[in-house]
Protein chains: 2
Amino acid sequence: MPLHLIRPGEEKGWLATEPCFIPEIQAKHETIFTQGNGYLGQRAALDESYIGQTRNLLVSGTFDRFHESEVTELPNLPDVTNLEIFVNGAQFSMVRGVLESYSRTLNLYTAELTRRIIWQSPDGVRLHMRWQRMVSQDDVHIIAAAVEITPDQDVELRFLSGINCRTTNSGTQHMVEGNARVYDGTLLEYPVQTQQSEIQVVMHSTHRLLLNGELQEQLPKIVPGRRYLGASYTVKVAAGQTVRLEKISSVHTARDFCYAKFTQEKANEYVLEDSLREFRIAAQSSYDALQQCSAQAWQAFWEQQDVQVNGNDPADQLMIRFAIYHLNCMANRQDNRVGIAAKGLSGEGYKGHSFWDTEIFVFPYYLFTQPQAARRLLEYRYLCLKGARKKAKENGFSGAMYPWEAAWIEDGEVTPDWLGIDLVTGEMLPCSTGRLELHVTADVAYAVQEYFQATNDIEFMRSCGYEILIDTAKFWADRLEWNAEKKRYELNHVIGPDEYQVDVNNNIYTNYMVELNLRLGLKALETVRADAVLYKELNERIGLDGLDKLLSSRADQIYLPQADPATGLLPQFDGYFNLKFLDLTKYKNAPRVAEIMKEYNFDMLRQYQAAKQADVVQLLYLRGDLFPEHMQRENYTYYEERTLHDSSLSKAIHSVLASDLNMPQEAYAMFQSAAGTDFGPEPDSCDEGIHSANMGGIWQDVVMGFGGARIWRGKLRFAPHLPESWQSLRYRLHWQGRDLHITVTKNQLRIVNRGSALSFWLYDQNAVLAENSESTFRLEGGELECEKIAVPSLD
Amino acid sequence: MPLHLIRPGEEKGWLATEPCFIPEIQAKHETIFTQGNGYLGQRAALDESYIGQTRNLLVSGTFDRFHESEVTELPNLPDVTNLEIFVNGAQFSMVRGVLESYSRTLNLYTAELTRRIIWQSPDGVRLHMRWQRMVSQDDVHIIAAAVEITPDQDVELRFLSGINCRTTNSGTQHMVEGNARVYDGTLLEYPVQTQQSEIQVVMHSTHRLLLNGELQEQLPKIVPGRRYLGASYTVKVAAGQTVRLEKISSVHTARDFCYAKFTQEKANEYVLEDSLREFRIAAQSSYDALQQCSAQAWQAFWEQQDVQVNGNDPADQLMIRFAIYHLNCMANRQDNRVGIAAKGLSGEGYKGHSFWDTEIFVFPYYLFTQPQAARRLLEYRYLCLKGARKKAKENGFSGAMYPWEAAWIEDGEVTPDWLGIDLVTGEMLPCSTGRLELHVTADVAYAVQEYFQATNDIEFMRSCGYEILIDTAKFWADRLEWNAEKKRYELNHVIGPDEYQVDVNNNIYTNYMVELNLRLGLKALETVRADAVLYKELNERIGLDGLDKLLSSRADQIYLPQADPATGLLPQFDGYFNLKFLDLTKYKNAPRVAEIMKEYNFDMLRQYQAAKQADVVQLLYLRGDLFPEHMQRENYTYYEERTLHDSSLSKAIHSVLASDLNMPQEAYAMFQSAAGTDFGPEPDSCDEGIHSANMGGIWQDVVMGFGGARIWRGKLRFAPHLPESWQSLRYRLHWQGRDLHITVTKNQLRIVNRGSALSFWLYDQNAVLAENSESTFRLEGGELECEKIAVPSLD
């Protein structure tokens, strides 16, 4: 089991426990213990200060651009987690004195983070200490915390806690201070504005001091400072007494969805009033009351979303729940103006930008469990069309060219200009993904298709979907280059998912996805043409006349690289098989990813078969229907040897494909290894935030790989392949309005169908679920026997 | 002795030693151990990271304004002091493991800061460790450091060191990243620009690794990151071996004086090339060689500037040298475009702005020891006339109204709009000093007069001085208000030096200083009129015609508050004696200043006789010739009781005046107390930087108070009053081209005069020094007997 740092706790499968405090790996645990509700994310930096700590409070959509030489990013908002304790005047720190015991636990079921320690101060006072922390799932603006201390001798304790606006994005400051204020001697208000986008943000905090459970009247000493407003409580605590300090905080911004219809000026004005009024209500509450409301919301969530694994390694259950927990923390389900960031709301990495990770890696989770959330994500891409058209135009093309990195809906491309220092030459490396990594546009179209198949949501297609499909197809039609000699359309100078191969021609993943996008555009055009009103509207907006001819000529004549007849191998791009082989063992076994970049820069890597992630494997996963199974297996094996898995997107997809190819050991190993990227023992693997795509990947591994759920030729398919060490797997899926409860065991598939009758694939055979029924399919022996009983309908 | 934290070291009077490491008071010691050369200042934050640390690298003149809601400030440049050590993988920190011994010493003579510890790591490795650090006085751009480690068992050590651009001004980021670069695998280059003023800054660092004294060829592993460029060295060190890592760094900016005549665009371009070329030379050197060059420059300085005290408390000698050390660190003597900041270059406090502190508190030191440096400071004010005229105009006046806070020469007023939170009401307090604290304009004129008296530098007066005197007088003439009833000019709605009394009428300090300024303007006008060419030039530029009548009417009719005939007490401002008395004992004895603000806000303080510093005492010091001694003594006693000394400007002036008034015990107590403001045991007294004015104040206490040197009625005066516990005092003065060596003992004053004959005051009697002579005056018994011998001339 890869989790030797994070251990499953006693309450099997729900508790993740950090058994000891290791200052050097704080960042990793700050990330994986992040709390959030989709509106905000708060890293689990410890309350008191430590070297190496990164406090992050990120609110979705609040993008700001520090300087014209940088790109917009999700700013780090003022911190409310910091709470310093002074024991007889000396600052408490677990690295000083004697830490007799330590444990920190995230309860995934209640989303509460607690820490318990017994600590002896350098001057010999022994203290039992407990911290609690929550981010409300009930009222998304609320953050609360509590600390409880019982000393073994009389002691003077001082608590210093407040709102700290000194936090930055690794040194970049986005916040302009407003006029701080203290109400009633205790309620702290700290308004700030983002410096370029001028979004008003308002922070509030207040405290409750309790001694042996009794609320104290004591007002704090106010501690003002530059970019800081604190409250200090000094309490004399007798031996055996318990002092408890609770802190209730809130964050509101002018980007909150409730202000979507107002001008920014008005929104900036309103949020100042509204936030104080709302906070005054929360400030009347207590930590326990707020946590109870939040836990109830989480409970309802888990009833819908939980995936249950019964296997030999308890980490498996924990990891899938951890993934679902994070998928729930990162998506703002109410707001269609925000995407899902590559690191969710758990860190500064990738600046809060959205990549193809959303559509290809996390989207399936929302699609199959919360179709409304999936729709919001596609609406976000619809609202991003403006920026996508801007990008197309800037690059000399028509249609919609989605940004490689997306932020606020109107921003267009926000990929940074520079990648970092080339460790071989010492010079700065320009970043070309924004210009060359095109496939994201086709990936969005792919997700629109998936959404429509899984939901039949025609209303969405008419208001958003068709326009996306047609305008992206239009872009491709313009971008493709005609090769007169070979009489085909080619796609040259691109980067595929494998970003180690910069500027290649006819990347196989991209070309196949583009072909699909062109066909989806054509089909959309056909559907729209049948509706005169819709056609007129769209034609006026984006121009449809004559487009069908254009698109079909491209779809029919685009170059789709074929397998080498001799070997059955698909070429990653033009000339791939001419590249030199490189033994990657050393880099694959390195403790950190991207070790190869220290010896080979991009110019050198071009000469080798060394992939960050395998484009061919990714293609086989998404368009597997085009390639026979034996060809898939050969290509999987060939490319896996040449893949470093230096992208967190890599292993999870390998796992699903390995399940498909009936390679359960390989699939299970890849799953555990993928899950280990974030939850495993490697110390710095997710310092800058959780790998959102990997969270979606873990879910896909379990539900779509082991569980075998998939959209296959337009219908739902089940083709379970449980790992050897698993006895059963239970999950829930939404499909075209139905609520399906699936239980997979070694030899059975049981499906409870709440909804209308459904025809589906069981492996490669047709099968049927009756309306409101429970069906059990025997998986052994080829023959699929089925028993059915009726279940009550949902209505 | 107030210095129980900083102890004088063995080498009496030169070494300041911090005997133990107390994390809670790092800030204070970072400030007082700051190293600098007037061009740059570097706080003494420890090499490895600690909570509570503030790394500051400030370069004079590089002002930047973060946002229009803030004022310009001296930005914190990228840090080169940070050097982390990993012992067998675990990060070294003195708060972990066992710190067996610790001492950090600043050698004021060589300006080198060293730290020695013996430390046992948590896993039992015992290490002897020594750090050295320098800021070059020889080449002002150079910063260097070294660390030496000898383990008692075989160990793997890793050093991580580089250029860190994540540093901020308490969270405010002024730096925009440029393109970092590594040359030759080892030379780090980090260019940044200030974000609003667009000043190019270039940082360089390189390292030398030595094992048992032998230079190692090993190239570092480069560690790039956002706003960070590091080099990592991993070394296996056997028991008893000594590993040493040296780091040589440099900072260059487009504001450097050598670029003064170029456009900013050109300067930004040149500094990139020049800095690399220059650094490549320094990079060839070693720590020891660089430190030796710097120490030689310091040695030459001390030969000129040292003040020697022979007293019972060794702290006295240390404190005066400490003050001189800091006065030397804070002044950029080459560059007349920069002033002296209220905190020098030792911290972020007061944002690098210059106040009246310069002219009234630190200026006398430069005037009497380095007249060229004093001239640069006045040239700075001359160049600031543009901003002063802008401020006058904005406020509806003519002439030059100096900014209360000054930054870059063209900026004009840069006082912030807000003072902070009113601890009584919880609301933000607007800051009115920029509008109301007017006396700085007269203080500048006062310093011009002092400079001319001490130097006879007519060239300066013609090119700068007269224009300052006349244009400031012009401002006052316009600003004064005619009281028709009382037939006098009044100055209403002002703040005097006592900032607890906001918006008062006829502040006594201000009115008297304004009268002097008006008379100085008149006299300047007279002198200028005698020179037709100069008159024409100035008349064209600022308009002189008719000014004499205007100025003399104001000078003759300005209201100069007189002492109450009954009590002999001078009123601080109109209605002062009607205010209520408040017993200040509690606040005066509080461990921190400004404790009164927690109970009394400005509105409440208006009703009480409670001064931050005493305006009357300040006036008696500067214009003592107007008030008889008995009146001075009565007023001193009366106001001292009503003064909180919450300003660092307060106590030193009390000490000088107490010396004047022949109250040696009071003078000595005030001196030690003033020196303790920065160097004493109070933990947070100078966290945000050294009190520049207090450094000047300490020097004034010793040389002008105890030493009794003063300009009196246009001539030099000596009126020594040694503290009882002092046996002798030696100092050196420049006076009108002469170099005077003064030795004061209990009953003798010995003066070596290198220069022409000089008539001076000895107490209130006329005395004479012959040309190139050594004269000894007996101080006992009223009669001043004098012995003279000839000394060689300087030429």
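Structure: above.
Residues numbered from 1 in each chain as written. Chains lettered and ligands numbered in written order. Predicted model: local features only at pLDDT ≥ 70, side-chain atom pairs only at ≥ 80, totals over all residues. Heavy atoms only, no water.

**Concerning the relation of the copies chain B and chain A**
- Between chain B and chain A, which share one sequence, the superposing operator has a rotation angle of 180 degrees and an axial displacement of 0.0 Å; the RMSD is 0.0 Å. In short, the pair behaves as if placed about a two-fold rotation axis. Of the C-alpha atoms belonging to chain B, the one lying closest to the rotation axis is found on Gln-173 of chain B, 2.7 Å away.
- A share of 100% of the interface residues of chain B reappears at the interface of chain A, consistent with the copies meeting face to face through the same patch. (Least-squares fit on C-alpha atoms with pLDDT ≥ 70 in both. Contact = heavy atoms within 4.5 Å.)

**Section: the pattern of salt bridges**
- According to the stated counting rule, one finds 102 salt bridges over all chains in the structure shown.
- One salt bridge in this structure joins Glu-246 of chain B and Arg-244 of chain B, with 2.8 Å as the shortest N-O distance. Accessibility assignment for this pair places Glu-246 of chain B and Arg-244 of chain B in one class, buried.
- Shared partners join several salt bridges into a network, and the residues in it are Arg-130, Glu-148, Arg-208, Arg-244, Glu-246 and Asp-288 of chain A. (Salt bridge = Lys/Arg side-chain N within 4 Å of Asp/Glu carboxyl O. Buried < 20%, exposed > 50% of the residue type's maximum accessible area, 1.4 Å probe, protein only.)

**Overview of the side chain of Asp-313 of chain A**
- Within the fold, Asp-313 of chain A resides in the loop between strand S21 (308-311) and helix H4 (314-330).
- We classify Asp-313 of chain A as buried; its relative accessible area is 12%. (Helix = DSSP H or I, 4+ residues; strand = E, 2+ residues; numbered from the N terminus.)

**Some details on the sheet that holds strand S31 (residues 758-762) of chain B**
All names here are of chain B.
- Spatial ordering of the open sheet is given by S26-S27-S31-S32, a layout of four strands whose pairing is mixed. On the outer flanks of this sheet lie strand S26 (709-712) and strand S32 (765-769), each paired with one strand and no other. Strand-to-strand, the axes of this sheet are offset by a mean angle of 40 degrees, without reference to chain direction. (Pairing = 2+ DSSP bridges. Axes fitted to C-alpha atoms, helices over the stretch in contact; angles between N-to-C directions.)

**Describing the interface of chain B and chain A**
- Taken together, the contacts link 45 residues of chain B with 45 residues of chain A.
- Sorting the residues of chain B by area buried against chain A places Glu-24, Ile-51 and Arg-226 of chain B first, and these three jointly supply 17% of that buried surface.
- The interface formed by chain B and chain A holds eight salt bridges in total.
- The shortest N-O distance in the salt bridge between Glu-24 of chain B and Arg-96 of chain A comes to 3.3 Å.
- On inspection of chain B and its partner chain A, the count reaches 16 residue pairs in polar contact (both at pLDDT 80 or more).
- Of all elements in the fold, only strand S7 (90-91), strand S13 (175-177), strand S14 (181-183), strand S18 (221-225) and strand S22 (418-421) of chain B reach the threshold of two or more residues within the side of chain B that touches chain A.
- Looking at the side of chain B that touches chain A, its residues break down into 17 nonpolar, 15 polar and 13 charged. (Buried area = accessible area lost by both parts, 1.4 Å probe. Polar contact = N/O pair within 3.5 Å; in protein donor to acceptor, adjacent residues only side chain to side chain. Nonpolar A, V, L, I, M, F, W, Y, C, P; charged D, E, K, R; others polar.)

**With respect to the packing of aromatic side chains**
- Overall, the coordinates contain 80 aromatic pairs over all chains when judged by the stated rule.
- Arranged with centres 4.7 Å apart and planes meeting at 85 degrees, the rings of Phe-92 of chain A and Trp-119 of chain A form a pair that is edge-to-face. Here Phe-92 of chain A is found in the loop between strand S7 (90-91) and strand S8 (98-107), whereas its partner Trp-119 of chain A is found in strand S9 (residues 112-120), with 27 residues between them in sequence. For the pair shown, Phe-92 of chain A and Trp-119 of chain A are each scored as buried.
- Considering the side-chain rings of Phe-718 of chain B and Phe-760 of chain B, the 5.7 Å spacing of their centres and the 75 degrees angle between planes classify their relative orientation as edge-to-face. Placement of the pair is Phe-718 of chain B in strand S27 (residues 715-718) and Phe-760 of chain B in strand S31, with a sequence separation of 42 residues. Phe-760 of chain B matches Phe-718 of chain B in its accessibility class, with the two residues each being buried.
- Among the aromatic side chains, those forming a connected cluster through ring pairs are Trp-14, Tyr-109, Trp-298, Phe-301, Trp-302, Phe-322, Tyr-325 and Phe-679 of chain A.
- Its guanidinium or amino end placed over the ring of Trp-131 of chain B, Arg-115 of chain B lies 3.5 Å from that ring's centre, counting from NZ or CZ.
- The ring of Tyr-559 of chain B carries the charged tip of Arg-488 of chain B above its face, separated from the ring centre by 3.5 Å. (Phe/Tyr/Trp six-rings, centres within 6.5 Å; stacked < 30°, edge-to-face > 60°. Lys NZ or Arg CZ within 6 Å of the ring centre and 35° of its normal.)

**Notes on the packing of helix H3 (residues 287-305) of chain B against helix H4 (residues 314-330) of chain B**
All names here are of chain B.
- Two numbers describe how H3 lies on H4: the axes approach to 12 Å, and their chain directions differ by 120 degrees. In terms of axis orientation, H3 runs oblique to H4. Crossing angle aside, the handedness with which H3 passes H4 is right-handed. On the side of H3, the interface is formed by Trp-298, Phe-301, Trp-302 and Gln-305, while H4 contributes Arg-321, Ile-324, Tyr-325, Asn-328 and Cys-329.
- The residue inventory of the contact of H3 with H4, partitioned by class, reads six nonpolar, two polar and one charged. (Parallel < 35°, antiparallel > 145°, perpendicular 65-115°, else oblique. Left-handed = near helix turned anticlockwise from the far one by under 90°.)

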